[in-house]
Amino acid sequence: MSQMTDMRKMEEEWLRTERLPHVWCPGCGIGIVLNAFLRAVIRRNIPKEKMVVVSGIGCTGRTAGYVNVDSFHTTHGRAIPFAVGIKFARPDLNVVVFSGDGDLFAIGGNHFVNAARRNHDLLIIAVNNFTYGMTGGQHGPTTPTGAYTTTTPYGNPDRPFNIPHLAISLGAPYVARWTTYHVNQLQNSIYKALNMKGFRVIEIISQCPTVYGRRNSMRSPMSMMEYFQKNSVINNKASYEEMELTYNGKIVVGEFRNVGGIPSYEERYEEIIRRAQE
Ligand code: SF4
């Protein structure tokens, strides 16, 4: 059996294939991210019973229903506190939050900020498609200034979150951003982050041709991928200003922070309990 067939077979074991076909639109980027995630997990040799995936609401939130591990499709914006609870109850598990930009940075924004500040031991896979895809393409907290959405038909006046800057400023030990065009880099980033402790954030700029692309002159999945290819710049040492996302401008990607040895909240908590019992 070829290596590729082997990998495909192993990936299928990590999927609830009986639930396929999935709900995502043809050409959506979420499948690319899920594929990169599964490959990284398989390469890491993580047993299924040691992995938990938690999602919120939205197109990306449907991921929890397809991975063949203990997974939780939680309420809107609450994936992170739910994951924090799981990690407290079972510190031996790899707890991954796999969710979208609306879920993580709008209604869930406060949870993101405080979980990052405390350095909870979670891996955050944040799929950023610049919009609320599932509910029809409204603008959200990561929609670039000037972009067209159903609720900003003349262009978005808001400034989007700079997610890597936000995560780094809160002390997250691992922070990276890729697009769905950077499949290998994304997979390697997840592979690395799976082996670290603390609040690890990987933002993935992903195509939503159905509701974002078609309002912004990128009607097909290919045109969005071409946009990512032509406009992405890899710069691991980017300044915070360079990490800003602008409409039709450059997308700076890279591994912006990778610092080991910072105790997670769970480690600090255990240490306090241990000392109190001495
Ligand atoms: Fe993907 Fe957009 Fe379709 Fe949602 S609406 S499944 S994000 S292409």
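Residues numbered from 1 in each chain as written. Predicted model: local features only at pLDDT ≥ 70, side-chain atom pairs only at ≥ 80, totals over all residues. Heavy atoms only, no water.

### Describing the nonpolar core
Burial of nonpolar side chains together is a common tendency in soluble globular proteins.
Then, in step 1: Ranked by internal contacts, the top residues of the largest apolar core, which has 49 residues, are Phe 37, Met 51, Ile 125, Ile 190 and Ile 202.
Then, in step 2: Contact partners of Ile 190, with chain neighbours within four places excluded, come to Ala 36, Phe 37, Ala 40, Leu 123, Ile 125 and Ile 202.
Then, in step 3: Core analysis: the next-biggest nonpolar cluster, separate from the first, contains 30 residues, Val 84, Ile 163, Leu 166 and Met 243 among them. (Core = buried A, V, L, I, M, F, W, Y, C linked by side-chain atoms within 4.5 Å. Buried < 20%, exposed > 50% of the residue type's maximum accessible area, 1.4 Å probe, protein only. Contact = heavy atoms within 4.5 Å.)

### Some remarks on the packing of helix H2 (residues 30-44) against helix H7 (residues 183-194)
Then, in step 1: H7 packs onto H2 with a crossing angle of 45 degrees between their chain directions and a minimal axis gap of 8 Å. With respect to each other, H2 and H7 are oriented oblique. The two elements H2 and H7 cross, and the hand of that crossing is right-handed. Residues Ile 32, Val 33, Ala 36, Phe 37, Arg 39, Ala 40, Val 41, Arg 43 and Arg 44 of H2 form the contact with H7, whose participating residues are Val 183, Leu 186, Gln 187, Asn 188, Ile 190, Tyr 191, Lys 192 and Leu 194.
Then, in step 2: In terms of residue class, the contact of H2 with H7 is made up of 11 nonpolar, 2 polar and 4 charged. (Axes fitted to C-alpha atoms, helices over the stretch in contact; angles between N-to-C directions. Helix = DSSP H or I, 4+ residues; strand = E, 2+ residues; numbered from the N terminus. Parallel < 35°, antiparallel > 145°, perpendicular 65-115°, else oblique. Left-handed = near helix turned anticlockwise from the far one by under 90°. Nonpolar A, V, L, I, M, F, W, Y, C, P; charged D, E, K, R; others polar.)

### Points about the sheet that holds strand E7 (residues 232-234)
Then, in step 1: Taken in spatial order, the 8 strands line up as E2-E1-E3-E4-E6-E5-E8-E7 in an open sheet, and their pairing is mixed. Where the open sheet ends on each side, the last strands, each with one partner, are strand E2 (70-73) and E7. Going across the sheet, the axis of each strand differs from the next one's by a mean of 20 degrees, ignoring polarity.
Then, in step 2: As paired strands, strand E1 (residues 51-55) and E2 are joined by 4 bridges and run parallel to one another. Counterpart to Val 54 in the pairing with E2 is Phe 72. (Pairing = 2+ DSSP bridges.)

### Quick notes on the pattern of salt bridges
Then, in step 1: A full pass over the atoms with the stated rule returns 14 salt bridges.
Then, in step 2: A salt bridge links Lys 50 to Asp 92; its shortest N-O distance comes to 2.8 Å. Separated by 42 residues along the polypeptide, Lys 50 in the loop between H2 and E1 and Asp 92 in the loop between helix H3 (79-89) and strand E3 (94-100) bring together distant segments of the chain.
Then, in step 3: One salt bridge in this structure joins Arg 90 and Asp 92, with 2.8 Å as the shortest N-O distance.
Then, in step 4: A residue is classified by how much of its surface remains accessible, and Arg 90, at 38% relative accessible area, is partly exposed. (Salt bridge = Lys/Arg side-chain N within 4 Å of Asp/Glu carboxyl O.)

### Looking at the environment of Val 52
Then, in step 1: Mapping Val 52 onto the fold places it in strand E1.
Then, in step 2: The class of Val 52 is buried, set by a relative accessible area of 4%.
Then, in step 3: Expressed as a C-alpha distance, the spacing of Val 52 and Ile 80, which sit 28 residues apart in the sequence, is 12 Å.

### Re the site of the ligand
Then, in step 1: Within the structure, the ligand sits among Trp 24, Cys 25, Cys 28, Cys 59, Asn 129, Gly 133, Cys 208, Pro 209 and Thr 210.
Then, in step 2: When grouped by side-chain class, the residues that make up the shell around the ligand number 6 nonpolar, 3 polar and no charged. (Near = heavy atom within 4 Å.)

### Details of H3
Then, in step 1: What H3 keeps buried is the set Ala 79, Ile 80, Ala 83, Val 84, Ile 86 and Lys 87. Taken around the axis of H3, the buried residues stretch over an arc of 165 degrees, which confines them to a single face. (Arc of directions from axis to C-beta.)

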